[in-house]
Amino acid sequence: MLKIIAERIRQKKRTIAYPKAPPVLPDRFRGMPRVDASKCDKACDACVVACPTGALSKTDGLSLDLGKCLFCADCTKVCPSGALSFSQDHCLASRLRQGLVLSGQEFEKATAMGEEIKRILGRSLKLRQVCAGGCNACEADLNVLTTVVFDLGRFGIQFVASPRHADGLCLTGPVTKNMALALRKTYEAISSPKIVIAVGACAISGGPYIDHEETLNGVPSDIPVDLFVPGCPPHPITILDGLLRFLGKIHH
Amino acid sequence: MSPTAGLLLFRNCLAMDSQGIPCVGIETFRQCIIDSVKDGGRLCALFYVPEQVIGSPRIIGIVAQDEAGSLGVISAEPGMTFPALTPGCQQAHWFEREIHEQYGVVPEGHPWLKPIRFVNGSDTIGVTDFFKIEGSEVHEVAVGPVHAGIIEPGHFRFQCHGENVYHLEISLGYQHRGVEKAMLAFPEKRRLHYMETLAGDTTVGHATAYAHICEALAQGGFTPPRAMALRGIALELERLANHTGDLGALAGDVGFLPTASFCGRIRGDFLNMTALFCGNRFGRGMVVPGGTGYDADRERLEELLLRLGRAEKDVLGAVELLWETPSVMSRFENTGKLALQTCIDLGIVGPAARASGLHRDVRSDFPSDIYRFNHVPVSALESGDVFARAFIRRLEIQQSIKFIREQAQSLPGNGVKKEIGNPGKGLFVVAMVEGWRGEICHAAFTGSGGELSHYKIIDPSFHNWIGLSLAMRGQQISDFPLCNKSFNLSYCGHDL
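Nothing here was measured: the structure is a model prediction, and the numbers come from that model. (Residues numbered from 1 in each chain as written. Chains lettered and ligands numbered in written order. Predicted model: local features only at pLDDT ≥ 70, side-chain atom pairs only at ≥ 80, totals over all residues. Heavy atoms only, no water.)

Below, the discussion takes up the interface of chain A and chain B. Contact with chain A, which involves 59 residues of that partner, is made by 59 residues of chain B. Surface buried jointly by chain A and chain B totals about 4700 Å² across both partners, of which 53% is contributed by carbon and sulfur atoms. Seen at the junction of chain A and chain B, the total is 7 salt bridges. Summed over the shared surface of chain A and chain B, the number is 35 residue pairs in polar contact (both at pLDDT 80 or more). Elements represented by at least two residues in the side of chain A that touches chain B include exactly helix H1 (2–11), helix H2 (46–50), strand E6 (125–131), helix H5 (137–143) and helix H6 (177–189) of chain A. Its residues placed into classes, the side of chain A that touches chain B shows 31 nonpolar, 13 polar and 15 charged. (Contact = heavy atoms within 4.5 Å. Buried area = accessible area lost by both parts, 1.4 Å probe. Salt bridge = Lys/Arg side-chain N within 4 Å of Asp/Glu carboxyl O. Polar contact = N/O pair within 3.5 Å; in protein donor to acceptor, adjacent residues only side chain to side chain. Helix = DSSP H or I, 4+ residues; strand = E, 2+ residues; numbered from the N terminus. Nonpolar A, V, L, I, M, F, W, Y, C, P; charged D, E, K, R; others polar.)

Residue and element names in this part refer to chain B. Here the domain parsing of chain B yields domain 1 (8–108) and domain 2 (179–326 + 343–459). For domain 1 and domain 2, the distance between their C-alpha centres works out to 27 Å. Between domain 1 and domain 2, the contact holds 34 residues from the first and 28 residues from the second. Summed over both partners, the interface of domain 1 with domain 2 comes to about 2500 Å²; 63% of that surface belongs to carbon and sulfur atoms. On the domain 1 side of the interface with domain 2, the three residues burying the most area are Asn 12, Cys 13 and Arg 42, jointly 23% of the side's total. Where domain 1 meets domain 2, there are 3 salt bridges. Close ionic contact of Arg 360 with Asp 66 constitutes a salt bridge, the shortest N to O distance being 3.0 Å. Taken together, the links from domain 1 to domain 2 amount to 10 residue pairs in polar contact (both at pLDDT 80 or more). Within the residue set of the side of domain 1 that touches domain 2, elements represented by two or more residues are strand E2 (16–17), strand E4 (42–49), helix H2 (51–54), strand E5 (58–65), strand E6 (70–76) and helix H3 (93–103). Considering each element in turn, the side of domain 1 that touches domain 2 owes the most residues, 6 residues, to E4. When grouped by side-chain class, the residues that make up the side of domain 1 that touches domain 2 number 21 nonpolar, 8 polar and 5 charged. (Domains from an automatic or database assignment.)

A few words now on the environment of Leu 452 of chain B. Residues and elements named next belong to chain B. For Leu 452, the location among the structural elements is in strand E16 (residues 452–458). Put simply, Leu 452 and Glu 188 are 264 residues apart on the chain and 9.4 Å apart in space, counted from C-alpha to C-alpha. Beyond its immediate sequence surroundings of up to four residues, Leu 452 is in contact with Met 183, Leu 184, Arg 191, Leu 217, Ala 444, Phe 445 and Thr 446.

Attention now moves to a nonpolar patch on the surface. Side chains of Met 1, Leu 2, Ile 5 and Ile 9 of chain A sit close together on the surface and give an oily, nonpolar patch of about 510 Å² of accessible area. Mapped onto the elements of the fold, Met 1 of chain A is located in the segment before H1. (Patch = residues over 30% accessible without salt bridge, like charges linked within 9 Å, V, L, I, M, F, W, Y side chains within 5 Å. Areas by Shrake-Rupley, 256 points an atom, 1.4 Å probe, with all protein chains shown as cover.)

Residue and element names in this part refer to chain A. If you walk across this open sheet you meet the 5 strands as E7-E6-E8-E9-E10, and the pairing is parallel. Each end of this open sheet is capped by a strand with a single partner; those strands are strand E7 (157–159) and strand E10 (227–229). Strand-to-strand, the axes of this sheet are offset by a mean angle of 25 degrees, without reference to chain direction. As defined by bridge partners, E6 adjoins strand E8 (residues 168–172) across 5 bridges and the pair is classed as parallel. Along E8, the bridge assignment pairs Arg 128 with Leu 169. Strands in contact with H6 are E6, E8 and strand E9 (195–199); relative to E6, the strand with the most contacts, it is inclined by about 170 degrees. Its contacts with the sheet place helix H8 (residues 236–246) against E6, E7, E9 and E10, and it is angled at close to 165 degrees to E10. (Pairing = 2+ DSSP bridges. Axes fitted to C-alpha atoms, helices over the stretch in contact; angles between N-to-C directions.)

Okay, structure coming up:
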C-alpha cells in the first residue's frame, strides 16, 4: 500500500491545462494545411497527382479537402512554388462537411451545438464509439482522451458501453460493408435527440480506402453528422478541441 | 531426411527469380511441408497465386526453421481441389480457410472449412455454422461485433457450462477493407498509406516490411545505415508504446487502477517520442522505401534520450507494482495458459510464443537492417499464462529501451534516404519484421514488366487468434477480457 502511494507521488499530476493553456505539440506536427493560391502555378498539377486520396483539386482554383487529407505532406514535397504547407494549428474540427474544403476562405472552426440540444446534452455527453474498419489509430487516440493526461471526464464527456446509455455516436473507420449493419443497429439503438461525430479521414470520406468496393466511403449519407474531426489519425488534442467547441466550452 | 529437404532455401528481404520457386506434385508438396514442420519448422505463409503471377496457378508454402535461421519455399499446382494439409499440419488450418475463401480452391479433408473474413457477397458476415456443444446445461454466449469499449469489431462465441468456457470461437472479417487487392488495383502512391493503416498500431512494423519489399525488388543494395538505425528506433518505440499500453490495460482488467492510470499516460509519452521524429504519434511518414522520411539531428536525439530516461523510470515503477500486489498476481497467474506444445503445433508468434517458452523472434532468427548489426536478446518465460504474457512485455520494454539508447548515442553516417530504382522483373521476395505483436510477413511478386503482380500480407494476429481461443478453454468466462488483453491481437491486421 505504501509503495503504491509512494509511486503515485513519484508519478505526479499529469493532466494538461488545455483549454486554459495552449497544447504542447512536436515541432514537426502537421496541423491545419495552408493553401496559398496566389503562389500556385496554374499550369502545374503536381500536388493533385501526388495526393493519395484525391484531397486536392484544381478544377476551380486550388482547393484542399481536409476530410480526405491524410496529413502525409506528399503534396508539399512535390509543390515547386511553396503554395502548400502545414501549420501547427491543431483546431481542425468543423460542423459542416463543406466547411472542410479549403479554397482560400477563412476556415470556420467548429461552433457550439444548438441551444436546445445543448440544454439537454451540454453538461453530460455520453458517447458510444463504433469502429467500422478503423485501423486502431483513431481508436487509440480516442481512448487516450480518457487517460489522466486529457481527463475527458472533467468536461462531462464519457464513452459508454451501451448505445442505450448514449447521447450520441462517435464513428471511426471507412465503414466496411461488413460493419454497415452493426453500425446502423447501434445508431438506431441510441435514443433521440442524438448527435453523430465522425473522427478521422476514413469516417469522413473513406480516407486511404476511398472508393474501395469493400467500404462505403465513411458515414452513410442518411446518418447526419454533427461534427467532423479530420486527421489520420487526428491528434487527441484536435479531437478534444472539437468536442469542447461543440459543447460551447471554447469560443475563440 | 533433412528438415529442409525439397524446399528452396532463401533469405529474408532478398529477392529471387520467381521462376526458381520449385514446383512439385501436390502430394510431394503436402508431404514436404508436413515433414519439415514436424522437424521443427514453422509455416510462415501458405497462399495461392493465380495463373498470371508465375505462369500457372500455384499454392506456395514458406517454412521457417527458426533455430537454424533458414527460410524455405516450395510450390505446387493444386487444381481446384487438393488434399488439405491441416490434418497433418495444424498450422495450415487458417491459411487453407483463407485460400478457400479467396479463390474457391477446396482443401479436401479440412475439418472446419468456412470463411475467415466473409468477403464474398454470398456470405453474410456472422452467419455460419458455429461450433456448438449440446447439453441441457450448456449455454452459448455471443459477444460483438460491437464491443463494450473503444475497440475494433469482431464476434466471439463461447460454449459455456455455468461460468466455465469449453470453447471459444472467434469469427472475424468486420474490418475487411480489401488491402491486398488494392495494392495492385489502386495507384502506387496509395501503397505506403495502406501499409501505415493496415494495423494503425503497427504503422512502423508494416511500413518497414513494405519498405524492405520495395528495396529488395529494386535490388539496389543497402539502405543508408543511418536510416536503418532510425527505423530500428521507430520500431522499438512502437513496441514500447504498445507493451506499456497493454500492461496498463491488463492492470485495468483486474481492477488495479494505479498501474492502469500510470501506463495509460506513459504509453502516450512513447508515442510522443515517435512524433518527435516525424510529427505523428503513430510514425506515419517515418519509414519510406529507401530509408526514412525524416532525419534526426543531435539536439533531437538528446531530447529523445532525456525523455527515454524519464519514461523508463516511470514505466518500470508503474509496472513493478503489479508483481508486488497479491490481488493482481492471483488473477494473472495460471489464467489463460497456453502450453508450449500448443504454441509449437499452431505456429504461435511474438510475445505470446515467448511467454510459453519458445525462443522465437525475427530480430534474432532472421535479422534484417539494423538487427543484423545490433542483436536484441530474446526474452522467454515458461508458464504461458497471463502473468507470463505480461512479464514478457516488461522484459522486452527494458531491452527496447536499451536498444534505442545505444542507437541514439551512436547514430551512424549521413543521409537517411536513397532513391531506389524500378523493381526488377519476375522477382519474388519475402520480408519479415518482428512487430510488437510478433512476426509480420509480407510476400511480393513482380511481373514481366517489373510491375507488382501479387502482394500477400500476414499480420502476427493471423497466427495468434486461435491461440486466444485455446487459452480460454477451461477458463471462467469472466477471464476473457484479461486473456484477450494479454494477447491484444489486431482485427484489421487479420481482416486486411
